[in-house]
Amino acid sequence: MEAGPVRWITVDRPGLGLSSPNPDRTVGDFANDVVCLVDHLGVERFATLGWSMGGPYAAACASFLPDRVRGFGLLAPAPVGLDQAGGAERMGKAWAWQLARDDPWQMADIYTRLGLEARCNPALAVELFSAGLSEAELAVMLRSEVQAEFVDMFVEATRQGAVGLVDDLRVEMRPWGFDPSAITRPGFLWQGDDDSFVIPEMAKEWGQTVPGLEVTMRAGDGHLFPFSRTGDILDALELFS
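Each residue is numbered by its place in its chain's sequence as written, counting from 1. In keeping with the predicted nature of the model, local features appear solely for residues at pLDDT of at least 70, side-chain atom pairs appear and are counted solely at 80 or more, and the whole-chain, interface and lining totals rest on all residues. Hydrogens and water are ignored here; the side-chain numbers use all heavy atoms of the structure.

A. Region of interest: the overall build of the protein chain. Helix and strand definitions follow DSSP, with helices as H or I runs of at least four residues and strands as E runs of at least two, each counted in order from the N terminus. Looking only at helices and strands, one finds 10 helices and four strands in the protein chain. Ordered by position from the N terminus, the helices and strands of the protein chain form the series α-β-α-β-α-α-α-α-α-α-β-α-β-α. Each radius of gyration is computed over the set of C-alpha atoms, and the globule rule expresses the reference value as 2.2 Å times the number of residues to the power 0.38. Its C-alpha atoms give the protein chain a radius of gyration of 17 Å, near enough to 18 Å, the size a compact globule of 241 residues would have. With the principal axes as the frame, the protein chain shows a C-alpha extent of 45 × 40 × 35 Å. Partitioning the contacts of the protein chain with sequence separation of at least 6, the portion at a separation of at least 24 is 76%. Surface summary for the protein chain: the accessible area is close to 11700 Å², and the carbon and sulfur share equals 53%. Charge counting follows a simple rule: Lys and Arg are positive, Asp and Glu are negative, and His as well as the terminal groups are ignored. Where a charge lies is defined by one atom per residue type, namely NZ (Lys), CZ (Arg), CG (Asp) and CD (Glu). Put simply, the protein chain has 19 plus and 35 minus side-chain charges, and the middle of one group is 3 Å from the middle of the other. Whether two residues are in contact is decided by their heavy atoms, any of which lying within 4.5 Å being enough. Each accessible area is a Shrake-Rupley result for a 1.4 Å probe, and residues are judged covered by the shown protein chains and nothing else.

This is the structure in structure tokens:
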């Protein structure tokens, strides 16, 4: 099945790209930003999709905007319960979350260095990012087009510096400002079983929390599977139209 025409709109979270910083926000506050955007664009109803740390934001829109969100998709999302004790340790790359929580300036320094390498020495930036990837993730990252997209993405994410990226981690480790168990819109979650960023078992908790959420474990996929599954993702979103 081939996906029909899709109007794909991507949004920078606060502090990333050219989006204004808002370190004191909650994840749920992002729904207000989305309302302003879709009203400006004249979009009445839509589906939301979130990958990795974007997952909770997509869920927030489904929670706060049930009359406008047709459905939502979560791709290897950050897990529920990050605001609880030991939340950072629930992530595959726990060290980054721990540093953002306990020593944010050190984490900002790491992101700053990676952003500089992305600008000045893209090949080294890819090499540094690739360290510790799973076998499935490394297979995706070895593709030249994915490397180019990663470099562009990281350059854009650090356009205002690295503090916005650290704030993004810290926001997800605070209460989200909405109750995932109260979501009423249909949704799906895809999680690879070779993911080094999100512990695969965390997907089950989303399924146990959000009523009716369809959880699919993808054998042989890592955290970077969206680079290879765009057509499948669009097909899944088309079901909400």
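B. Representation of the pattern of salt bridges in the model. Counted as salt bridges are all cases of a side-chain nitrogen of Lys or Arg within 4 Å of a carboxyl oxygen of Asp or Glu. This model, assessed by the stated rule, comprises 12 salt bridges. Between Arg-13 and Asp-168 there is a salt bridge, with the nearest N and O atoms lying 2.6 Å from each other. One end of the pair, Arg-13, is in the segment before α1 (30–41); the other, Asp-168, is in helix α8 (residues 163–172), with 155 residues separating them in the sequence. Across this residue pair, the class does not change: Arg-13 and Asp-168 are buried. Salt-bridge contacts for Asp-109 lead to Arg-113; the nearest nitrogen and oxygen are separated by 2.9 Å. In this pair, Asp-109 and Arg-113 both sit in helix α4 (residues 104–120), four residues apart, roughly one turn of the helix. Classification of Arg-113 as exposed rests on a relative accessible area of 54%. Sharing partners across several salt bridges, the network here consists of Arg-218, Asp-221, Arg-229 and Asp-232. Only protein chains enter the area calculation, which uses a 1.4 Å probe; residues under 20% of their type maximum are buried, those over 50% are exposed, and those in between are partly exposed.

C. Local environment of the nonpolar core. With 62 residues, the main nonpolar core has Leu-74, Trp-97, Met-107, Tyr-111 and Trp-206 as its most contacted residues. No other element matches the six residues that helix α2 (residues 55–64) contributes to this core. Not counting chain neighbours up to four residues away, the residues in contact with Met-107 comprise Trp-95, Ala-96, Leu-99, Ala-100, Val-166 and Leu-169. Leu-75, Phe-188, Ala-236 and Leu-237 belong to the second-largest nonpolar core, a separate cluster that totals nine residues. In plain words, nonpolar cores are sets of buried Ala, Val, Leu, Ile, Met, Phe, Trp, Tyr and Cys residues tied together by side-chain atoms within 4.5 Å.

D. Inspection of the pairing of strand β3 (residues 187–192) at higher detail. In terms of burial, β3 is largely enclosed, as six of its six residues are buried. Side chains Gly-187, Leu-189 and Gln-191 of β3 all project onto a buried face; the interleaved residues Phe-188, Trp-190 and Gly-192 project onto the opposite face, where all are buried too. Between any two strands, at least two bridges found by DSSP are needed for them to pair. In this structure, strand β2 (residues 69–75) lies alongside β3, joined through four bridges in parallel fashion. Residue pairing across strands places Leu-75 opposite Trp-190, the latter belonging to β3. For the handedness criterion, the β-α-β arrangement of β3, helix α9 (residues 202–209) and strand β4 (residues 214–218) is classed as right-handed. Here a crossover is taken to be right-handed if, once the strands point away from the viewer, the path from the first strand over the helix to the second is traced clockwise.

E. The pairing of β2, seen in detail. Taking burial as the measure, the seven residues of β2 include six buried ones, the bulk of the element. Handedness of the crossover joining strand β1 (residues 46–51) and β2 through α2 is recorded here as right-handed.

F. Broad picture of the environment of Phe-150. Summarising the element assignment, Phe-150 is placed in helix α7 (residues 144–157). When its relative accessible area of 3% is taken as the criterion, Phe-150 is described as buried. Separated by 71 residues in sequence, Phe-150 and Asp-221 have C-alpha atoms that sit 18 Å apart. Discounting chain neighbours no more than four positions away, the residues touching Phe-150 are Ala-125, Val-126, Phe-129 and Met-141.

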